[in-house]
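Understanding the architecture of this molecule
Residues per chain, in single letters:
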Amino acid sequence: MSIRKRTTGAVVASLVALGLALGTAPAGAAGAAAAPREAATADLPYSGSTGVGVHNAYEKTKYPYFADALDSGAAMLELDVWTNFFGSSWRVSHDNPFGNDSNCENATSPAQLRTKSRNQNLAGCLSDIRSWHDAHPGHRPVVLKLELKDGFAANLGRGPAELDALLSAKLGDALYRPGQLAAGHPDLDSAARAGAWPARSAMAGKFLVELIPGTVEEGNSADKLWTDREYAEYLRSLAAAGHLSQAAAFPAVHRAEAGDPRNRYADATLRPWFVVFDGDANAYASIDTSWYDSNHYLLIATDAQNVAPAIDGVHPTEAEARARVALMASRHASITSADWYPLPQVLSTVLPRG
């Protein structure tokens, strides 16, 4: 913002306005304008806002308990999940396929949060999320990003239907489901392009589950059915049977590329079941992303610290992090993701998108 040739009063007014937009206004200005600002963001459609996410929020080095991650104000929290035959459940860990290494504790009531043993599986994490939800009615909408490290394992009882059953059992009415977006439309794409996303205020108290293929799955040349396609096929089948309301998650097209990245799916009937896109922020910064915004698709931009000029991935200054969120909002990101867990005042930032 250029301030040349402006009066002192105009400069101050402009800086205060910018501070309010980013959540950093001086205390006196914030007290007078906080309510209108909150109302303005609440009135935005969910697809018309930009929030901030935390990569691998289940790691104990970031948050002692997953409840702390939920308390952070972040608009997105990520969990890594393993499904292979080395264990009997949906395991949560970064690089251990045999067991759980997480800050989840399987709290079955708000009173149990931060009181139990950690290193619980996905069911335990979801129990924590439900307990926190029950203690915070009307909380901000939160994307729960699940990276299925090695993909689904339907032959082991860990396929799309089983994941839906687990999500539904644990989170129930706290979920925002594909069927809710698609209501009155033939598919998710038609609904998104018609602007069917609810307002942020209507998404209060909701979790939206995003699924991406995992690093192990994508590196496995023998795996020909990745998470994104497998779940999209599942959504298509549910819709054909009139049971789309059962679906609990949204598959994401993973990795940024120019144009419509859904063209990678040879089966064109799968493409309308993708309205969430997830990839490297630096890659998105090099292509035209206005298409995602104009069609009301959700765009998850990861590793936002690497967009030039690069900033620290964990400990940037607050001003640097806020500027990066504003930059990615201008680049049409729905979620700007990094490891900025030490900055809750940044994580709670919500800006108009675009």
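Before any of the text, the structure's been laid out above.
Figured I'd write up the structure that's included with this text.

Rules behind the numbers
- Residues numbered from 1 in each chain as written.
- Predicted model: local features only at pLDDT ≥ 70, side-chain atom pairs only at ≥ 80, totals over all residues.
- Heavy atoms only, no water.
- Phe/Tyr/Trp six-rings, centres within 6.5 Å; stacked < 30°, edge-to-face > 60°.
- Buried < 20%, exposed > 50% of the residue type's maximum accessible area, 1.4 Å probe, protein only.
- Lys NZ or Arg CZ within 6 Å of the ring centre and 35° of its normal.
- Helix = DSSP H or I, 4+ residues; strand = E, 2+ residues; numbered from the N terminus.
- Pairing = 2+ DSSP bridges.
- Core = buried A, V, L, I, M, F, W, Y, C linked by side-chain atoms within 4.5 Å.
- Contact = heavy atoms within 4.5 Å.
- Expected span 1.5 Å × (residues − 1).
- Arc of directions from axis to C-beta.
- Axes fitted to C-alpha atoms, helices over the stretch in contact; angles between N-to-C directions.
- Parallel < 35°, antiparallel > 145°, perpendicular 65-115°, else oblique.
- Left-handed = near helix turned anticlockwise from the far one by under 90°.
- Nonpolar A, V, L, I, M, F, W, Y, C, P; charged D, E, K, R; others polar.

Some details on the packing of aromatic side chains
- If you walk through the whole model with that rule in mind, you get 17 aromatic pairs.
- Each ring, one from F85 and one from F86, has its centre 4.5 Å from the other, and the planes form 35 degrees; the classification is tilted.
- The exposed category is assigned to F85, whose relative accessible area is 62%.
- Exposure remark for F86: the relative accessible area of 43% places this residue in the partly exposed category.
- Relative to F274, the ring of Y265 lies with its centre 4.6 Å away and its plane at 5 degrees, an arrangement referred to as stacked.
- Geometry around Y65 places R118 over its ring, the cationic atom sitting 5.4 Å from the centre.

Overview of the pairing of strand β4 (residues 142-148)
- For β4, a buried count of seven out of seven residues is recorded, marking the element as mostly surrounded by other parts of the structure.
- Here β4 shows a buried face lined by V142, L144, L146 and L148 and a second buried face lined by V143, K145 and E147.
- In this sheet, β4 lies alongside strand β2 (residues 76-82) in parallel orientation, the contact comprising six bridges. By the bridge assignment, V81 is partnered in β4 with L148.
- Bridge analysis of β4 against strand β5 (residues 207-213) gives seven bridges, and the strand direction is parallel. Residue pairing for β5: L148 is matched across the bridge by P213.

Let's talk about the nonpolar core
- Judged by nonpolar contacts, the single largest core of 93 residues is most densely connected at F66, L122, W197 and W340.
- With near-sequence residues (within four places) excluded, W197 lies in contact with P45, Y46, S47, Y176, L181, A192, L208, F250, V275, H296 and L298.

Overview of helix α12 (residues 318-330)
- Along its 13 residues, α12 runs 18 Å from first to last C-alpha, staying within 8% of the 18 Å computed at 1.5 Å per residue.
- Looking at α12, one finds that the buried residues are A321, R322, R324, V325, M328 and A329. In an axial view of α12, the angular spread of the buried residues amounts to 160 degrees, which keeps them on one side of the axis.
- Directly after α12, the chain includes H332, whose backbone phi takes a positive value near 75 degrees.

Some thoughts on the pairing of strand β1 (residues 49-54)
- Among the six residues of β1, six are classified as buried, and the element is accordingly described as predominantly covered.
- Of the two faces of β1, both are covered, the one formed by S49, G51 and G53 as well as the one formed by T50, V52 and V54.
- Across two bridges, β1 lies against strand β10 (residues 351-352) in antiparallel orientation. Opposite S49, over in β10, you have P352 as the bridge partner.
- With four bridges joining them, β1 and strand β9 (residues 335-338) adopt parallel strand pairing. Residue pairing in the sheet places V52 in a bridge with T336 of β9.
- In terms of strand pairing, β1 meets β2 through two bridges, oriented parallel. The partner of G53 across the bridge, within β2, is M76.

Topic: the packing of helix α4 (residues 122-135) against helix α5 (residues 160-171)
- In contact at an axis separation of 9 Å, α4 and α5 are set at 30 degrees when each is read in the N-to-C sense. One finds that α4 runs roughly parallel with respect to α5. For the element pair α4 and α5, the recorded crossing hand is right-handed. Judged by residue contacts, L122, A123, L126, S127, I129 and R130 of α4 engage L163, L166, L167, K170 and L171 from α5.
- Broken down by class, the residue content of the contact of α4 with α5 amounts to eight nonpolar, one polar and two charged.

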